[in-house]
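# Chains, contacts and geometry: an overview
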Amino acid sequence: MNPPASKVINGAGASPARTDEFLQERLILRTLIDNLPDFVFVKDAQSRFVILNTACAQQLGARCPEEVLGKSDADFVSPELAAQYLADEQALMRSGQVLHKEEPVQHKQSGEMRWSLTTKVPLRDDTGKIMGLMGIARDITKRKQAEEALRQSRDELEKRVAERTGEILQERLLLRTLIDNLPDCIYAKDAAGRKTMANPADL
């Protein structure tokens, strides 16, 4: 009879070789997670951090993952953002749907605003019950800054075009008024000799 899964995970009831294999796999997985540039985290049903990598801890303003374990976003980001994260995550755990969105991140201490492209998925136990969530996020601050700079440049260009168009229309109106009120005959012809413009004095 096989021992319960919980005992195998904890090492109890498993052969020494199996336990060593499990610990080796766990070490490899931990090394991989800790060296990823992306932010990797796992939260419990109350949206408290239970696993995270070094990049995620540093992104939250902590020196190491141990400073974050057991805490929630409310300990690290602005209250407004923490409330939004919590609402999104609780909705995810109720629905079982994957969440994929761009999220702003503003640290409590520095006030610095950054952006992350985040994917969160429900985490289920052996019975299929949702027991938390797992997430991975990537810093897209530079991309957002470039998009904002491009938007500002486009807005400035549109503003200048609108201003210049207004100036041209004003100049055209003044010129037309001047031509129409001159006593001399003024006209223009095309290449075929047809008049394309004439003032009242020429009529």
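Worth saying up front: this structure is predicted, and the values here are computed from it rather than measured.

## Quick notes on the side chain of threonine 118
Among the structural elements, threonine 118 can be located in strand S4 (residues 113-124). By relative accessible area, threonine 118 is classed as buried at 3%. Polar contacts involving the side chain of threonine 118 include one to the side chain of glutamate 103, which spans 3.3 Å. Apart from residues lying up to four places away in sequence, threonine 118 is in contact with Phe41, Leu99, His100, Lys101, Glu103, Ile136 and Ala137.

## Considering the sheet that holds strand S5 (residues 130-139)
Taken together, 5 strands build an open sheet; the order of strands is S2-S1-S5-S4-S3 and the sheet is antiparallel. The sheet is open, and its two borders are formed by strand S2 (49-52) and strand S3 (99-106), each paired with just one other strand. On average, adjacent strands in this sheet sit at an angle of 30 degrees to one another, irrespective of strand direction. Inspection of the sheet shows S3 paired to S4 by 8 bridges, in the antiparallel sense. Counterpart to glutamine 106 in the pairing with S4 is methionine 113.

## Here's the deal with a nonpolar patch on the surface
A cluster of nonpolar residues, Leu175, Leu178 and Leu182, forms a patch on the protein surface that exposes about 260 Å² of accessible area. Here leucine 178 is to be found in helix H5 (residues 141-180). The exposure class assigned to leucine 178 is partly exposed, which follows from its relative accessible area of 49%.

## Some thoughts on the pairing of S2
Sheet topology places strand S1 (residues 39-44) next to S2; 3 bridges connect them, and they run antiparallel. Residue lysine 43 lies in a different strand from S2, and its bridge partner there is phenylalanine 49. Here S1 folds back onto S2 in antiparallel fashion, the turn holding 4 residues, of which serine 47 has a positive phi close to 65 degrees.

## Some thoughts on the packing of aromatic side chains
A complete count under the given rule lists 1 aromatic pair for this structure. Here lysine 144 stacks its cationic end above the ring of tryptophan 115, 4.4 Å away from the centre of that ring.

## Thoughts on unusual backbone geometry
Trans is the common state for peptide bonds, and a negative phi is the common state for residues other than glycine. The phi torsion at serine 47 lies on the positive side, around 65 degrees, for a residue other than glycine. Looking at the secondary structure, you find serine 47 in the loop between S1 and S2. In this structure serine 47 comes out as buried when scored by relative accessible area, which is 3%.

## Here we look at the pattern of salt bridges
Under the defined criterion, the tally for this structure stands at 19 salt bridges. The salt bridge involving glutamate 102 is made with lysine 144; its shortest N-O contact spans 3.0 Å. Placement of glutamate 102 in strand S3 and of lysine 144 in helix H5 is noted, with a sequence separation of 42 residues between them. A salt bridge links aspartate 180 to arginine 176; the nearest nitrogen and oxygen atoms lie 2.8 Å apart. Highlighted residues: aspartate 180 and arginine 176, both in helix H5, separated by 4 residues, approximately one helical turn. Overlapping salt bridges, with partners in common, bring together Lys43, Asp73, Glu89, Glu103 and Lys120 in one network.

## Side note on the nonpolar core
Phe41, Phe49, Leu52, Cys56, Leu60, Val68 and Val77 are the most contacted members of the largest nonpolar core, which has 22 residues in total. Breaking this core down by element, the ones donating at least two residues are S1, S2, helix H3 (54-59), helix H4 (79-95), S3 and S5. For this core, the leading source of residues is H4, giving 5 residues.

## Side note on H5
Side chains three or four residues apart in an α-helix point the same way, a direct result of the helix having 3.6 residues per turn. Between its first and last C-alpha atoms H5 spans 58 Å; for 40 residues at 1.5 Å apiece the expected length is 58 Å, and the two agree. Listed as buried for H5 are Thr141, Lys144 and Ile179. Looking at the buried side of H5, the elements it contacts are S3, S4, S5 and strand S7 (195-198).

Calculation notes
- Residues numbered from 1 in each chain as written.
- Predicted model: local features only at pLDDT ≥ 70, side-chain atom pairs only at ≥ 80, totals over all residues.
- Heavy atoms only, no water.
- Helix = DSSP H or I, 4+ residues; strand = E, 2+ residues; numbered from the N terminus.
- Buried < 20%, exposed > 50% of the residue type's maximum accessible area, 1.4 Å probe, protein only.
- Polar contact = N/O pair within 3.5 Å; in protein donor to acceptor, adjacent residues only side chain to side chain.
- Contact = heavy atoms within 4.5 Å.
- Pairing = 2+ DSSP bridges.
- Axes fitted to C-alpha atoms, helices over the stretch in contact; angles between N-to-C directions.
- Patch = residues over 30% accessible without salt bridge, like charges linked within 9 Å, V, L, I, M, F, W, Y side chains within 5 Å.
- Areas by Shrake-Rupley, 256 points an atom, 1.4 Å probe, with all protein chains shown as cover.
- Salt bridge = Lys/Arg side-chain N within 4 Å of Asp/Glu carboxyl O.
- Phe/Tyr/Trp six-rings, centres within 6.5 Å; stacked < 30°, edge-to-face > 60°.
- Lys NZ or Arg CZ within 6 Å of the ring centre and 35° of its normal.
- Core = buried A, V, L, I, M, F, W, Y, C linked by side-chain atoms within 4.5 Å.
- Expected span 1.5 Å × (residues − 1).

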